Amino acid sequence: MPYWEVFTPENALSDGDKEGLSECITQMYVDWVELPRFYVVMRFQEVPESAIYVGGKPNNNFVRVVIDDITLRTDDPELRSLYLATIESHLAPLVKDQGYDWEVHLDETPRDLWRIRGLIPPAPLSPFEKLWAQANQALPYDLASPVAE
Amino acid sequence: MPYWEVFTPENALSDGDKEGLSECITQMYVDWVELPRFYVVMRFQEVPESAIYVGGKPNNNFVRVVIDDITLRTDDPELRSLYLATIESHLAPLVKDQGYDWEVHLDETPRDLWRIRGLIPPAPLSPFEKLWAQANQALPYDLASPVAE
Amino acid sequence: MPYWEVFTPENALSDGDKEGLSECITQMYVDWVELPRFYVVMRFQEVPESAIYVGGKPNNNFVRVVIDDITLRTDDPELRSLYLATIESHLAPLVKDQGYDWEVHLDETPRDLWRIRGLIPPAPLSPFEKLWAQANQALPYDLASPVAE
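How each quantity is defined
- Residues numbered from 1 in each chain as written.
- Chains lettered and ligands numbered in written order.
- Predicted model: local features only at pLDDT ≥ 70, side-chain atom pairs only at ≥ 80, totals over all residues.
- Heavy atoms only, no water.
- Contact = heavy atoms within 4.5 Å.
- Buried area = accessible area lost by both parts, 1.4 Å probe.
- Salt bridge = Lys/Arg side-chain N within 4 Å of Asp/Glu carboxyl O.
- Polar contact = N/O pair within 3.5 Å; in protein donor to acceptor, adjacent residues only side chain to side chain.
- Helix = DSSP H or I, 4+ residues; strand = E, 2+ residues; numbered from the N terminus.
- Pairing = 2+ DSSP bridges.
- Axes fitted to C-alpha atoms, helices over the stretch in contact; angles between N-to-C directions.
- Parallel < 35°, antiparallel > 145°, perpendicular 65-115°, else oblique.
- Left-handed = near helix turned anticlockwise from the far one by under 90°.
- Nonpolar A, V, L, I, M, F, W, Y, C, P; charged D, E, K, R; others polar.
- Phe/Tyr/Trp six-rings, centres within 6.5 Å; stacked < 30°, edge-to-face > 60°.
- Buried < 20%, exposed > 50% of the residue type's maximum accessible area, 1.4 Å probe, protein only.
- Least-squares fit on C-alpha atoms with pLDDT ≥ 70 in both.
- Arc of directions from axis to C-beta.
- Right-handed = clockwise from strand over helix to strand, strands pointing away.

## Here's the deal with the interface of chain B and chain C
So, point 1. Listed per partner, the contact involves 30 residues of chain B and 31 residues of chain C.
So, point 2. Here chain B meets chain C over a buried area of about 2,500 Å², counting both sides, of which 49% is carbon and sulfur.
So, point 3. There are four salt bridges connecting chain B and chain C.
So, point 4. Summed over the shared surface of chain B and chain C, the number is 20 residue pairs in polar contact (both at pLDDT 80 or more).
So, point 5. Contributions of two or more residues to the side of chain B that touches chain C are made by β1 (3-9), β2 (41-47), β3 (52-54), β4 (57-58), β5 (62-69), α2 (77-91) and β6 (101-108) of chain B.
So, point 6. With eight residues, β6(B) is the largest single contributor of residues to the side of chain B that touches chain C.
So, point 7. Pairing of β3(B) with strand β2 (residues 41-47) of chain C involves three bridges; the strand directions are antiparallel. In the strand pairing of β2(C), B:Y53 is matched with C:M42.

Encoded structure:
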């Protein structure tokens with residue numbers, strides 16, 4: 001988590017576009033909350049013609065981004081708005097600037113109902129989370145350890 | 001938003017069926033809460049055989065509808081139930097009456113974590129939302145304007 | 001509900017694997033909360049190469065499980081953790097033991113915004129839910145009946 005689903009028209013994004021976007025977005029989370037890079041998962045799916053309808057009409061020029069997230073951890077309206085604005089700025093070169101319509105929404109899901117490789121992700125900004133970030137992978141750790149908090 | 005995902009067997013719905021359903025559902029939201037038509041996005045996805053399992057068995061006759069929504073804005077149990085009943089009545093001709101099994105669920109997601117074309121959608125029933133509805137598109141507006149509320 | 005989406009690499013799971021997993025998971029819910037078997041819907045989707053990016057890099061060896069659920073009904077941290085651990089134990093033979101990376105998250109959605117065949121599912125552990133479980137299908141019932149609660 002975050003888990004992104006990005007629905008695009010066919011051939012809208014090259015493999016390089018997808019890798020570039022996922023690198024940008026990953027770095028955004030690293031800069032924002034020091035998130036371990038491998039937490040950021042983006043799934044791209046091409047949508048055939050006549051599969052997305054907007055306001056009752058087919059729209060074959062539409063990019064829809066659906067995000068499930070646990071990283072916000074704030075009710076501050078300005079921070080939440082800034083977060084969305086940052087996402088938009090990273091999407092713009094591949095979406096807005098290419099002439100696509102688009103829409104983004106995000107849902108916040110319960111952090112305690114989330115596992116990576118079967119492991120409970122360490123508490124945000126905890127020493128163990130820093131270890132995971134440095135190793136860029138999920139490592140077994142002792143939840144009872146004094147540095148697990 | 002609302003954002004609908006409709007998973008069906010292959011060839012269950014024609015392009016005309018999809019357009020007709022999306023028109024009905026769009027009109028439902030217009031009648032219900034004067035929603036701008038272009039808010040209503042429906043994505044249809046055909047599911048191959050042996051991809052949906054119900055109760056441990058493959059079910060190739062199944063329609064699954066998954067909705068993320070921000071339009072309900074009420075805790076009134078009767079209104080919420082009426083909303084679901086209205087959805088069901090629009091699905092029935094293409095699903096129930098065609099002999100498919102089906103299931104629908106809806107999640108309510110945070111309104112403040114939603115953007116269309118990078119813009120914050122205006123407050124419900126506000127003058128700016130009416131402008132968006134009339135234009136049937138997202139228009140830049142001044143959040144500090146006295147009519148933005 | 002629960003509604004599972006399981007994204008895998010192409011050819012990662014045979015039809016037998018999918019049926020076996022869905023049987024295991026269905027039985028888990030039956031054992032856990034006497035859930036009617038047909039409540040458990042799992043949708044499997046194969047993801048082509050260069051469609052999932054993890055931490056900015058393509059990962060063609062990744063299984064992503066996304067669950068919407070209404071069955072937990074508890075805030076007890078130990079029960080919630082046990083629930084996730086049980087899910088992991090059922091995934092392991094097809095995922096961990098095959099050398100895939102994987103991640104699981106679950107969202108709890110509002111029970112009142114859920115219909116099966118247009119019907120309101122009976123209250124948990126109510127006599128009508130037991131009837132549905134025995135018949136393994138959604139049956140019309142009288143919400144005003146004294147046994148509906």
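## Some thoughts on the side chain of C:Q45
So, point 1. Tracing the backbone through its elements, the reader meets C:Q45 in strand β2.
So, point 2. At 3.0 Å, the side chain of C:Q45 forms a polar contact with the side chain of A:Q45.
So, point 3. Beyond its immediate chain neighbours, meaning those up to four positions away, C:Q45 contacts A:R43, A:Q45, B:Q45, C:V6, C:F7 and C:T8.

## Focus: the sheet that holds strand β4 (residues 57-58) of chain C
So, point 1. Ordered by their spatial adjacency, seven strands build an open sheet running β7(B)-β6(A)-β5(A)-β1(A)-β2(A)-β3(C)-β4(C), and the pairing between neighbours is mixed. Here the strands that pair on one side only, and so sit at the sheet edges, are β7 (114-116) of chain B together with β4 of chain C.
So, point 2. Contacts between helix α1 (residues 15-33) of chain A and the sheet are confined to β1 (3-9), β2 (41-47) and β5 (62-69) of chain A together with β3 (52-54) and β4 of chain C, with β2(A) contributing the most and set at about 145° to the helix.
So, point 3. With respect to the sheet, helix α2 (residues 77-91) of chain A is in contact with β1, β5 and β6 (101-108) of chain A together with β7 of chain B, its orientation differing from that of β6(A) by roughly 140°.

## Section: the packing of α1(A) against α2(A)
Two packed helices can be described by the angle between their axes and the distance between those axes.
All names here are of chain A.
So, point 1. In the contact formed by α1 and α2, the axes pass within 10 Å of each other and the chain directions differ by 155°. Looking at the two axes, α1 sits roughly antiparallel to α2. Crossing of α1 against α2: the hand is right-handed. Across the interface between the two elements, L21, C24, I25, M28, Y29 and W32 from α1 touch L79, L82, Y83, T86, I87, H90 and L91 from α2.
So, point 2. Here the contact of α1 with α2 is built from residues that sort into 11 nonpolar, two polar and no charged.

## What to know about the packing of aromatic side chains
All names here are of chain A.
So, point 1. Tallying each qualifying case throughout the model produces 27 aromatic pairs over all chains.
So, point 2. Seen from their ring centres, W32 and Y83 are 5.3 Å apart, and the 50° between their planes marks the pair as tilted. With W32 in helix α1 and Y83 in helix α2, the pair connects residues that are 51 residues apart, well separated along the chain.
So, point 3. A residue is classified by how much of its surface remains accessible, and W32, at 26% relative accessible area, is partly exposed.

## Comments concerning the relation of the copies chain B and chain C
So, point 1. Superposing chain B onto chain C requires a rotation of 120° together with a translation of 0.0 Å along the rotation axis, leaving an RMSD of 0.0 Å. The superposition of one copy onto the other is thereby described by a three-fold rotation axis.

## Observations concerning helix α3 (residues 127-135) of chain A
Every α-helical turn comprises 3.6 residues, leaving residues that sit three or four positions apart pointing alike.
Residues and elements named next belong to chain A.
So, point 1. Every buried residue of α3 is listed here: F128, E129 and W132. The buried side chains of α3 occupy one side of the element, clustering within an arc of 105° when seen end-on.
So, point 2. Taken from the residues just after α3, N136 is the one with a positive phi, measuring 55°.

## Thoughts on the relation of the copies chain A and chain C
So, point 1. In the superposition of chain A on chain C (RMSD 0.0 Å, axial shift 0.0 Å), the rotation amounts to 120°.
So, point 2. The two copies present different faces, since only 13% of the interface residues in chain A are matched by interface residues at the equivalent positions in chain C.

## Examining the pattern of salt bridges
So, point 1. In total, this model carries 27 salt bridges over all chains according to the counting rule given.
So, point 2. A salt bridge links C:K57 to A:E19; the shortest N-O distance between them is 3.5 Å. Of this pair, C:K57 sits in strand β4 while A:E19 sits in helix α1, on two different chains.
So, point 3. For C:K57, a relative accessible area of 46% puts it in the partly exposed group.
So, point 4. Note on A:E19: relative accessible area 24%, which makes it partly exposed.
So, point 5. If you follow the salt bridges from partner to partner, you end up with A:E19, A:E23 and C:K57 in one network.

## A closer look at the pairing of strand β1 (residues 3-9) of chain C
All names here are of chain C.
So, point 1. Of all seven residues that make up β1, seven are buried, and the element is covered over most of its length.
So, point 2. Pairing between β1 and β2: seven bridges, direction parallel. In the sheet register, P9 faces β2, and the bridge partner there is V47.
So, point 3. A crossover links β1 with its parallel partner β2, the connecting element being helix α1 (residues 15-33), and its sense is right-handed.
So, point 4. One ladder, built from five bridges, connects β1 with strand β5 (residues 62-69); its direction is antiparallel. Residue pairing for β5: V6 is matched across the bridge by V65.

## Some details on the environment of C:L84
So, point 1. Within the element layout of this structure, C:L84 appears in helix α2 (residues 77-91).
So, point 2. What makes C:L84 buried here is its relative accessible area of 0%.
So, point 3. For the pair C:L84 and C:H105, spaced 21 residues apart in sequence, the C-alpha separation works out to 9.0 Å.
So, point 4. Those residues in contact with C:L84 that sit more than four places away from it in its chain are A:D112, A:L113, A:W114 and A:R115.

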